[in-house]
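Residues per chain are reported as follows:
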Amino acid sequence: MALRPPSGRLRVPEEPYKINERITAKEVRLVGENIEPGIVDINTARAMAKAQSLDLVEIAPTAVPPVCKIVDYSKFKYEQKKKQKEIKAKAQKVVIKEIRFGPNTDDHDFEFKLKHAINFLKEGSKVKAYVHFVGRTIVFKERGVNLLNKFSEALSDYGKLEMEPKLEGKRMTIILAPAPAKK
């Protein structure tokens, strides 16, 4: 697909790998199927690729000499995209759930929010608990610290404290990460 930049001229997206005539090295290390691996002259490598009706693709340009593979380029690109998708799918997505307290949170509310936090940690989500100080309640900072410390101690079996209580503006925050699963 060609892209149109503001200048109006068509711009073709750049290929991530150098192929065939775009490879500038004098010698290359050749790998691939039905090929004797070794270091060969670039012209010999291109001829070998052409004889098999395939492309010469530079897969490791930083190596000395660069590593090239004789493959069908479109198939090679497809397989690379597939590998990237697999890597992306396996990567864990971090979910952060927030729980809000006031400096005067009662025991029942605390227990209720504690149960939610336990469920979040069991799911594998991180929990960000914060005490929000409204108006003049900012003078009760020690209540916020005590509340968050009590919260983190109650959750010590389910997760570990990642960030100590820290005041940011009108919020005092802690972050808890789920404990690793026991085998």
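Residues numbered from 1 in each chain as written. Predicted model: local features only at pLDDT ≥ 70, side-chain atom pairs only at ≥ 80, totals over all residues. Heavy atoms only, no water.

Asks: Quick rundown of the UniProt feature "domain: Translation initiation factor 3 N-terminal" (unreviewed entry) in the chain? Include the residues and the values.
Replies: With numbering matched to this structure, UniProt assigns "domain: Translation initiation factor 3 N-terminal" (unreviewed entry) to residues 19–86. Between the end C-alpha atoms of residues 19–86 there is a gap of 25 Å, over a span that is 35% helix and 31% strand. (UniProt positions renumbered as here; feature names shortened; annotations may be inferred. Helix = DSSP H or I, 4+ residues; strand = E, 2+ residues; numbered from the N terminus.)

Asks: Outline the packing of aromatic side chains, supporting the account with residue identities and numerical values.
Replies: Counted by the stated rule, this structure contains 5 aromatic pairs. Consider the rings of F110 and F151, whose centres lie 5.9 Å apart with planes at 80°: the pair is edge-to-face. Of this pair, F110 sits in helix α3 (residues 107–123) while F151 is found in helix α4 (residues 141–154), placing the two residues 41 residues apart along the sequence. Judged by its relative accessible area of 2%, F110 is buried. You can call F151 buried: its relative accessible area is 0%. (Phe/Tyr/Trp six-rings, centres within 6.5 Å; stacked < 30°, edge-to-face > 60°. Buried < 20%, exposed > 50% of the residue type's maximum accessible area, 1.4 Å probe, protein only.)

Asks: Could you give me a rundown of the nonpolar core, with the residues and numbers involved?
Replies: Among the nonpolar cores identified, the biggest contains 19 residues, and F101, V127, F151 and L155 are the most heavily contacted of them. Of all the elements in the fold, those that place two or more residues in this core are β5 (96–101), α3, β6 (126–132), α4 and β8 (171–178). The biggest single contributor to this core is α3, with 6 residues. Ignoring sequence-local partners within four residues, the contact set of L155 consists of L114, A117, I118, L121 and L176. Judged by nonpolar contacts, the second largest core, of 11 residues, contains L30, A45, A49 and L56. (Core = buried A, V, L, I, M, F, W, Y, C linked by side-chain atoms within 4.5 Å. Contact = heavy atoms within 4.5 Å.)

Asks: Describe the pattern of salt bridges, and please don't skip the residues or the numbers.
Replies: Evaluation of the coordinates by the stated rule reveals 4 salt bridges. Two residues, K128 and E98, come together in a salt bridge whose shortest N-O distance is 3.9 Å. Of this pair, K128 sits in strand β6 while E98 sits in strand β5, and the two are 30 residues apart along the sequence. We classify K128 as partly exposed; its relative accessible area is 22%. Given the relative accessible area of 45%, E98 is considered partly exposed. Residues K126 and E162 are paired through a salt bridge, measuring 3.0 Å at the closest nitrogen-oxygen approach. Of this pair, K126 sits in strand β6 while E162 sits in strand β7 (residues 159–168), placing them 36 residues apart in sequence. Judged by its relative accessible area of 21%, K126 falls in the partly exposed class. (Salt bridge = Lys/Arg side-chain N within 4 Å of Asp/Glu carboxyl O.)

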